[in-house]
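Now for the letters of each chain:
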Amino acid sequence: MLFQLENVTKTYGAVTALNNLSVAVPSGAVGLLGPNGSGKTTMIRTLLGLIPVDTGSGSILDLDFRSQQLNIRRLVGFAPEDECLFPRVPSVEFVAYAGELVGMSTKDALQRSHEVLDYVGLGEARYRQVESYSTGMKQRLKLASAIVHDPKLLILDEPTNGMDPAGRDEILQLARDLAHNKGMSLVFSSHLLPDVESVCEHVIVLGAGKLLAEGKISELKQVHRHRYEVRLKAEPGVFAGRLQALGCLVDYRDDLLLVQVPDGETQQMIWRAAAENREQIRSLRPQRSTLEEVFLKAVEHA
Amino acid sequence: MPIFDQGYQHWSGTLSSHSMRWWAITRHGVRVGLRSWIVRIALLLSWIPAGFLAFFLSIWGLLERKSELVAPLLPLLGFLDPAVLENPQNYRVEFWTLCFDQFLAFELFFSMVMVLIIGPSLISQDLRFNAMPLYFSRPMRRIDYFVGKLGIIAAFLGLVLVVPSLMAYVLGLLFSLDLTILRDTLLLLLSCIAYGVVIVLSAGTLMLALSSLSRNSRFVALFWLGLWFVSSIVGAVLKTVDTEQRRHAHFRRVYEAENAEPMAIPTNRDEQRQQQQARREQRRNIEEEFSANELKSAKSNWRPLLSYAGNLSRIGQALLNTDASWRRLAESRPENNRQRFMLENMGPQYPWYWSAITLAGLFGLSVVVLNFRIRSLDRLK
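Bear in mind that the values here come from a model prediction, so they are computed numbers and not experimental data.

Asker: For empty space enclosed by the protein, give the residues involved together with the corresponding values.
Answerer: One pass over the structure, following the stated rule, counts one cavity of 30 Å³ or more. Looking at the largest cavity, its volume works out to about 30 Å³. Contributing to the lining of the largest cavity are Arg73, Val76, Gly77, Phe78, Val102, Ser145, Ala146 and His149 of chain A together with Ser137 and Arg138 of chain B. Going through the elements one at a time, β6 (76–79) and α5 (135–147) of chain A are the ones with two or more residues in the lining of the largest cavity. Examining the composition of the lining of the largest cavity, we find that three residues originate from one element, β6 of chain A, more than from any other. Looking at the lining of the largest cavity, its residues break down into four nonpolar, four polar and two charged.

Asker: I'd love a proper account of the sheet that holds strand β3 (residues 29–33) of chain A, names of residues and values included.
Answerer: Residue and element names in this part refer to chain A. The six strands lie next to each other as β6-β7-β8-β3-β9-β10, forming an open sheet whose pairing is mixed. Strand pairing shows two members of the sheet lacking a second neighbour, β6 and β10 (210–216), which therefore form its edges. For this sheet, the mean angle separating the axes of adjacent strands, direction not counted, is 15°. Where β6 meets strand β7 (residues 153–157), four bridges bridge the pair, whose relative direction is parallel.

Asker: Quick rundown of the interface of chain A and chain B? Include the residues and the values.
Answerer: Tallying the contact residues gives 45 residues for chain A and 38 residues for chain B. Of the roughly 4200 Å² buried between chain A and chain B, counting both surfaces, carbon and sulfur atoms make up 56%. A per-residue breakdown of the area chain A buries against chain B is headed by Leu70, Tyr97 and Leu101 of chain A, which together make up 15% of the total. The tally of links between chain A and chain B comes to three salt bridges. Glutamate 100 of chain A is paired through a salt bridge with arginine 31 of chain B; the nearest N and O atoms lie 3.5 Å apart. Linking chain A with chain B are 20 residue pairs in polar contact (both at pLDDT 80 or more), by the criterion used here. Going through the elements one at a time, α1 (40–47), α2 (69–75), α3 (91–102), α4 (106–120) and α5 of chain A are the ones with two or more residues in the side of chain A that touches chain B. In terms of residues, the side of chain A that touches chain B owes the most to one element, α3 of chain A, which gives seven residues.

Asker: Would you mind going over the side chain of serine 189 of chain A in detail, with residue names and values included?
Answerer: Turning to its location among the elements, serine 189 of chain A is positioned in strand β8 (residues 185–189). Discounting chain neighbours no more than four positions away, the residues touching serine 189 of chain A are Leu32, Lys40, Ile44, Leu156, Asp157, Glu158 and Pro159 of chain A.

Asker: Go over the packing of helix α5 (residues 92–118) of chain B against helix α13 (residues 322–331) of chain B, please, and point to the residues and values.
Answerer: Residues and elements named next belong to chain B. For the pair α5 and α13, the least separation of the axes is 9 Å and the interaxial angle reads 130°. For the element pair α5 / α13, the angle class is oblique. Here α5 runs over α13; the crossing is left-handed. Where α5 approaches α13, its residues Glu94, Thr97, Leu98 and Asp101 are matched on the opposing element by Thr322, Ser325, Trp326, Arg328 and Leu329. Broken down by class, the residue content of the contact of α5 with α13 amounts to three nonpolar, three polar and three charged.

Asker: Explain the packing of aromatic side chains to me, using residue names and the numbers behind them.
Answerer: Think of a pair of aromatic rings as described by two things: how far the centres are apart, and how the planes are tilted against each other in angle. Within this structure, the stated rule accounts for 21 aromatic pairs over all chains. An angle of 80° between the planes, with centres 6.1 Å apart, marks the rings of tryptophan 352 of chain B and tyrosine 353 of chain B as edge-to-face. By relative accessible area, which is 46% here, tryptophan 352 of chain B ends up partly exposed. Classification of tyrosine 353 of chain B by relative accessible area gives partly exposed; the value is 44%. Members of the aromatic cluster, joined through ring pairs, are Phe86, Phe94 and Tyr97 of chain A together with Tyr135, Phe136, Tyr145 and Phe146 of chain B. In this structure, lysine 10 of chain A packs its charged tip against the face of tyrosine 12 of chain A, placed 5.1 Å from the ring centre. Sitting above the plane of the tyrosine 350 of chain B ring, arginine 314 of chain B keeps its charged end 5.6 Å from the centroid.

What counts and what doesn't
Residues numbered from 1 in each chain as written. Chains lettered and ligands numbered in written order. Predicted model: local features only at pLDDT ≥ 70, side-chain atom pairs only at ≥ 80, totals over all residues. Heavy atoms only, no water. 1 Å grid on protein atoms, 1.4 Å probe; cavity = no way out; pocket = protein on both sides within 12 Å on 5 of 7 lines; lining within 4 Å. Points joined across faces, edges and corners; volume = space filled by probe spheres on them. Helix = DSSP H or I, 4+ residues; strand = E, 2+ residues; numbered from the N terminus. Nonpolar A, V, L, I, M, F, W, Y, C, P; charged D, E, K, R; others polar. Pairing = 2+ DSSP bridges. Axes fitted to C-alpha atoms, helices over the stretch in contact; angles between N-to-C directions. Contact = heavy atoms within 4.5 Å. Buried area = accessible area lost by both parts, 1.4 Å probe. Salt bridge = Lys/Arg side-chain N within 4 Å of Asp/Glu carboxyl O. Polar contact = N/O pair within 3.5 Å; in protein donor to acceptor, adjacent residues only side chain to side chain. Parallel < 35°, antiparallel > 145°, perpendicular 65-115°, else oblique. Left-handed = near helix turned anticlockwise from the far one by under 90°. Phe/Tyr/Trp six-rings, centres within 6.5 Å; stacked < 30°, edge-to-face > 60°. Buried < 20%, exposed > 50% of the residue type's maximum accessible area, 1.4 Å probe, protein only. Lys NZ or Arg CZ within 6 Å of the ring centre and 35° of its normal.

Here it is in structure tokens:
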């Protein structure tokens, strides 16, 4: 188990940031979703042992987050959302210093700093002062300083904020590589659902400090039993009309038909209609929910 | 694109224990600090007094050994009574104490300058660049952070105070070629180190507290300068005003007493000379009486307490026991000149623990400020 929280409640005065939250998350890449004020940051703080909780218990990497905070932070790498810098140093020293703060020897930290800067693509700029870096470079620098000590768990808080598409892709690629190829567990907090979907296999949706949805993304994106995505060789307009006449609900975007067959019918109905109208079907598959739908549905129910 | 991209490699080294985590901050801070040419120049300048200290201690060593080499340099020691110079070994501790006292007075100035150069950015820049989450998301407690930052100030103050003291002490020891000097003066060296610790704890925590109050290190530096200069000026002005008031009152009384009984007109030259002699003697006694009164009133004069540097200096004098050395040297003076000699040379006479309490109060206040300011930032956003 990567981490588990049991009935955790955390309040700031009158505001309840985490409300009797219980969740158990297996190792791997976990997306942390939720609207602003849903408790994502408080949850990350709790996991890192930075704040005391009012009630509840839990563990991260089998360490109690209430009593073993320092040991937890040795095993965890964290890249905060905000722009944070150790000032007046070149990046190679920045990352080495981050390693030394975790407990690495000076020599190890410096050697490792060179390695991870190469890995995140800042090798060429390693001797530049960090203040002169662009937003994208600073994000990669934060990532490098978070993984310098080779943590078991990496927590990325909004790592693609303010980045251009190319830079965003690079960060996502790095996060994917670390999580899927290097055996590093990942907690990926983001507002951008496609980012979470492209990196994580597991997702937690928070709302008002409560757990709204949780599970494998592939399972959450359930298959609709009566809805299908259909692509035709010809223009879909005529065939859409034919399906509507047969009692189907049809929506179409460009060349894609979204067809909901009546209760009791199956996809065979679509095949039959195509045969009768001499339409050539290029693809037909059951429709799945997108992560966006899952998220909106969870938030709506809250 | 690198020629050979090895990708991400796992690291299998061991991490050090939590207890030494502050050391990483100190080491990094010293490394960054030493890159500044202003710091390097300040360090070099601060070692000049150590050269003078070593020089005078060496002269004393040669004087004790009756070396002829020291003869041309004797005028430099003209402020000492000839009786002292005739038997220097008897006044070794006093001479060394006063030399170290002067040295520490200079070094206190350089310490304040060094704190001014090094200190303001220590926390304020972390606040400005939002570095707190980078520290506290790592296995780092607030106490580690404070101690690490204090360690940076301690390292530089050590280079200003302790290292030169040690070097000058060793040089003085080598020139005297007498092991008894170690027995007589080792306490001085320990006092220097203790004084360094006091300055580090007091000035260090005070500067860190000031640094945590602003994101702009220039404001912090200005505040430090104000604290240092303004408090010194206020303390000195109040002390001078107080002394001058007493001096005027004293001499007004004396003048009135002198004029109350007019002297008889001398009838011959001898009588005139005797009258002049008596008047001189009377004035000297008056001066001596004034000096004795001043020394007495200095014991309860709180005004120097207003000076931050003055308080540090008072602690230094107490640690070195400078007053005892001045008293011993005063004994070699004529009786009617002792009080004046002591008044002219000795520093503030109020109890040293007044300064200790003042500095302890400032230390406590600094800790409270640090605790409050850094606690509120112990968060991720």
